[in-house]
Amino acid sequence: MNLAQLKIIKNNFVYELQDAYAGKKTSLPFIVHQLPSSSLVKDGEIFEVLVIGGSVWKKAFLKKTKNGIEFIKKQAEQPVNLKNQQDFLAFIENELPDEITTLALNFAIPMEPVFENGRLDGIVLSVPKEGKLQGLIGKKVGAEIEKYIFEKQKRRIKASVANDTLSLVLSGLTKYRWNQFVAGIVGTGVNFAFFLNEEKIANLEAANFDKFTLTQEARIIDKESREPNIHLFEKETAGAYLYKHFNIVLKENRIDYPSIASTEELDSVSRKNLPQVSDIAKKLIKRSAQLVACQIAGITEFKQKDMVFNMEGSLFWKGNGYKEMVEKTVRQLVPEYNVTFVKIKDSGILGAAKLVS
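Before going into details, it helps to say that this report is about the structure given with it. Source: prediction; values computed, not measured.

Focus on the packing of helix α5 (residues 216-224) against helix α7 (residues 239-252)
Running from N to C, α5 and α7 point in directions that differ by 115 degrees, and their axes come no closer than 9 Å. Judged by the inter-axis angle, α5 sits roughly perpendicular to α7. Of the two elements, α5 crosses α7, and the hand of that crossing is right-handed. Each of Glu217, Ala218, Ile220 and Ile221 in α5 lies in contact with α7, whose residues at this interface are Tyr241, Lys244, His245, Ile248, Val249 and Glu252. Looking at the contact of α5 with α7, its residues break down into six nonpolar, one polar and three charged.

Written as structure tokens, this is what we have:
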């Protein structure tokens, strides 16, 4: 894409942000979260954090201290495949030891925030990435967990829930000023969130942005998806879909090359020297990076200051030339601002911990 096209998309994103901030309906849900003002755990108390992403999960046990929080035990990331609500609740129960009474859940799913009984919960709005966990739509996740554990074990716990992007934002409070910090996810899915003030965070649900021209491949992917006409930006850019673009391009151009099953494979193909095929893979990765850069530049222009983006997602950090293309495009779109990308260690865990501590 040329710079003129990218500037139009960036400007459209800024307009959407401005309208959403003013309370107008846009393609961006712009969900505002109120943060809890007091801790759910006492000094010396051990609590659990679960982080459930699009394809992986991890957990940690932490203790609240007078000076903050400290790690007691941390488990390495593992694959996860939760097919329905029962799978999800049984998984939570299995990973919740009897001695733990407070759970902080970092859940990579679109949710409407609900602040009740001094803690943040979330009502599931949709289930992207092809419809898993349909039974949770419209339900309060934390409340469902508390109810399930009581019914199964006759014990009461407290569960606070936020999505992955909100947790990323909260993790930044340990190192950066709230008004210059943004959280971004560019991996299986795409999203951004930032502070509006010290007590409120806007979760953009940026996967829904639609003020750009879809490629023919994205139109086909959207039409064949379980949820057409939503998450259009994600279907154009995210790891859950990029490899599908590759397969469609091969088919449309009658190129004799096997279909691939993941964006990791797409990245691998892009690093090889396969005539025509590797070039297609590189162009798809480049286009995704340029479009994501439009959102990053748009947020920076909306905030009108130098910004630090705490990024997660293997596509952003490991994709062939992905981060470099994002940086180059952002400099072209907002040369007047300095944009820095960081990766805070254990940010998903630390951010979720802030929900209860």
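Concerning the nonpolar core
Judged by nonpolar contacts, the single largest core of 62 residues is most densely connected at Phe192, Phe246 and Phe309. If you tally residues by element for this core, the top one is helix α9 (residues 277-303), at 14 residues. If we ignore the near neighbours within four places in the chain, the residues touching Phe309 are Val182, Phe192, Ile296, Ile299, Thr300, Val339, Thr340, Phe341 and Val342. Residues Ile52, Leu82, Ile92 and Leu136 belong to the second largest nonpolar core, which totals 28 residues.

Examining the packing of aromatic side chains
Within the structure shown, the criterion is met by 18 aromatic pairs. Ring geometry for Trp57 versus Phe91: centroids 4.8 Å apart, planes at 90 degrees, classification edge-to-face. Here Trp57, found in strand β3 (residues 56-65), pairs with Phe91, found in helix α2 (residues 85-94); they are 34 residues apart in sequence, far enough to count as distant. Classification of Trp57 as buried rests on a relative accessible area of 5%. Taking relative accessible area as the criterion, Phe91 reaches 13% and is therefore assigned buried. Each ring, one from Phe212 and one from Phe233, has its centre 5.6 Å from the other, and the planes form 85 degrees; the classification is edge-to-face. Of the two residues, Phe212 is situated in the loop between β12 (200-203) and α5 and Phe233 in helix α6 (residues 232-237); the sequence distance between them amounts to 21 residues. Of the two residues, Phe212 and Phe233, both sit in the buried class. Within the aromatic cluster, the residues linked to one another by ring pairs are Phe192, Phe309, Phe316, Trp317, Tyr322 and Phe341. Lys154 extends its terminal NZ or CZ atom over the ring of Phe150, reaching a point 5.6 Å from the ring centre. The side chain of Arg156 reaches across the aromatic face of Phe150, ending 4.1 Å from its centre.

Observations regarding helix α8 (residues 263-270)
Restricting attention to buried positions, one finds in α8 the residues Thr263, Leu266, Asp267, Val269 and Ser270. Relative to the axis of α8, the buried residues are bounded by an arc of 160 degrees and lie together on one face. Those residues of α8 hidden inside the fold are in contact with α7, α9 and α10 (314-318).

With respect to the sheet that holds β12
Strand order across the open sheet formed by six strands is β1-β12-β11-β10-β13-β14, with mixed pairing between neighbours. Each end of this open sheet is capped by a strand with a single partner; those strands are β1 (31-34) and β14 (339-342). Between one strand and the next, the sheet's axes are offset by a mean angle of 25 degrees, whatever the strand orientation. Summarising the sheet, β1 and β12 pair through four bridges and their orientation is antiparallel. Counted as the bridge partner of Val32 is Ala202 from β12. Helix-sheet contacts for α9 involve β10 (181-186), β11 (190-197), β13 (307-312) and β14, and the interaxial angle to β11 is about 5 degrees.

Considering the pattern of salt bridges
Across all of its chains, the model carries 14 salt bridges by this definition. With a shortest N-O distance of 3.0 Å, Lys74 and Asp346 are connected by a salt bridge. Of this pair, Lys74 sits in strand β4 (residues 68-74) while Asp346 sits in the loop between β14 and α12 (347-353); the two residues are 272 residues apart in sequence, bridging distant segments of the chain. For Lys74, a relative accessible area of 42% puts it in the partly exposed group. Overall, Asp346 belongs to the buried group, its relative accessible area being 17%. Between Lys211 and Asp210 there is a salt bridge, with its nearest N and O atoms 2.7 Å apart. By relative accessible area, which is 34% here, Lys211 ends up partly exposed. Residue class for Asp210 comes out partly exposed when judged on its relative accessible area of 33%. The network of salt bridges with shared partners includes Glu16, Asp210 and Lys211.

The rules behind each value
- Residues numbered from 1 in each chain as written.
- Predicted model: local features only at pLDDT ≥ 70, side-chain atom pairs only at ≥ 80, totals over all residues.
- Heavy atoms only, no water.
- Axes fitted to C-alpha atoms, helices over the stretch in contact; angles between N-to-C directions.
- Helix = DSSP H or I, 4+ residues; strand = E, 2+ residues; numbered from the N terminus.
- Parallel < 35°, antiparallel > 145°, perpendicular 65-115°, else oblique.
- Left-handed = near helix turned anticlockwise from the far one by under 90°.
- Contact = heavy atoms within 4.5 Å.
- Nonpolar A, V, L, I, M, F, W, Y, C, P; charged D, E, K, R; others polar.
- Core = buried A, V, L, I, M, F, W, Y, C linked by side-chain atoms within 4.5 Å.
- Buried < 20%, exposed > 50% of the residue type's maximum accessible area, 1.4 Å probe, protein only.
- Phe/Tyr/Trp six-rings, centres within 6.5 Å; stacked < 30°, edge-to-face > 60°.
- Lys NZ or Arg CZ within 6 Å of the ring centre and 35° of its normal.
- Arc of directions from axis to C-beta.
- Pairing = 2+ DSSP bridges.
- Salt bridge = Lys/Arg side-chain N within 4 Å of Asp/Glu carboxyl O.

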